[in-house]
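# Examination of the molecular architecture
So the chains spell out like this:
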Amino acid sequence: LVNELVDEKRPAKTSPMIQRKCVTRRARARRRALRAPHRCSRALSLFSPPSRRALYEAWDALNAFMLDKLSQHHGVSIASFAKWTWQFTAANSSPDGEVRCRPVFALTETFARAHKMPIKKPPSDSVAPCSEVNHSVLALRYTRVLTKDMVFIALRDIMRKIGDKIANSGDRPFAIKFSIGALRAIDRKVSFEFDMEALAKGVAAFQAAEAARSGGD
């Protein structure tokens, strides 16, 4: 998926006249940036294609963030794509009297409408609150050198590519692995297979860290 995005952004062969126009536009943009860097620097960065390294690092950051949140029994929401969260079963409803939980997944209405897919509303009863993906947090906590804008651009392009793959899945299945499971699509029908082993390890690690922290206090 990342390789396809990099190939898409390679410059195509153009005529000398178009090349001269592009050089002129870039020169004008640089001059504007020098005159007002606080206004133009971010705008210029939004039109710069992400490198292969930025795509991989932003994707790894997103997956680390998702595993952290789900391990804390919180949800994660990507507004333009999907939500992953937990649904809880009340103690009086379970046979052993314990509160149970299961991970749930749902595409957002924005994504479904954009790709002309049926809208399935996620469960609304007894679900964990979702944390919106924050590109500043991803850049600061989960990457080494990426900025907020670099993370935003990389994830925007990755989600767009995933959407294209799902929309054009037809009879050819499409799958992509996340840290918490795998998303699968065939004939424009999307499902998410959670990796319960990875989630169990994440929950255990979080609980052990919380126990150590409370013991130290």
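Residues numbered from 1 in each chain as written. Predicted model: local features only at pLDDT ≥ 70, side-chain atom pairs only at ≥ 80, totals over all residues. Heavy atoms only, no water.

## Re the pattern of salt bridges
Taken as a whole and judged by the stated rule, the model has 7 salt bridges. Measuring nitrogen to oxygen at the nearest pair gives 3.9 Å for the salt bridge that ties R53 to E57. With R53 and E57 both in helix α4 (residues 52-71) and 4 residues apart, this pair spans about one turn of that helix. Its relative accessible area of 14% is what places E57 among the buried residues. Where D164 meets R160, a salt bridge forms, and the shortest distance between an N and an O atom there is 3.4 Å. (Salt bridge = Lys/Arg side-chain N within 4 Å of Asp/Glu carboxyl O. Helix = DSSP H or I, 4+ residues; strand = E, 2+ residues; numbered from the N terminus. Buried < 20%, exposed > 50% of the residue type's maximum accessible area, 1.4 Å probe, protein only.)

## Topic: the confidence of the model for the protein chain
For the protein chain, mean pLDDT is 80; residues scoring 70 or higher make up 72% of the total. At the level of individual helices and strands, the protein chain shows its lowest average pLDDT in helix α3 (residues 37-46), which scores 45, and its highest in helix α6 (residues 135-142), which scores 96. The low-confidence segment residues 37-47, where pLDDT is below 50, has 10 contacts with residues more than four positions distant or belonging to other chains. (pLDDT = per-residue confidence, 0-100. Contact = heavy atoms within 4.5 Å.)

## Some words on the packing of aromatic side chains
Taken as a whole and judged by the stated rule, the model has 10 aromatic pairs. Ring geometry for F81 against F111: centres 5.1 Å apart, planes inclined by 75°, an arrangement best described as edge-to-face. You can see F81 sitting in the loop between β1 (75-78) and β2 (82-89) and its partner F111 sitting in helix α5 (residues 109-114), a full 30 residues away along the chain. F111 carries the same exposure label as F81, and that label is buried. (Phe/Tyr/Trp six-rings, centres within 6.5 Å; stacked < 30°, edge-to-face > 60°.)

## Things to note about the side chain of S71
Note on placement: S71 falls in helix α4. Look past the residues within four positions of S71 in its chain and what remains in contact with it is G202, V203 and F206.

## Remarks on the nonpolar core
By size, the foremost hydrophobic cluster in this structure holds 41 residues, and its most contacted members are F81, W84, I162, I166, F178, I180 and L183. Counting residues per element, this core draws most heavily on α4, which supplies 9 residues. (Core = buried A, V, L, I, M, F, W, Y, C linked by side-chain atoms within 4.5 Å.)

## A short note on unusual backbone geometry
At H73, a position not held by glycine, the phi torsion is positive, near 60°. With respect to the helices and strands, the residue H73 is situated in the loop between α4 and β1. The class of H73 is partly exposed, set by a relative accessible area of 25%. One non-glycine residue, D187, lies in positive phi territory at about 55°.

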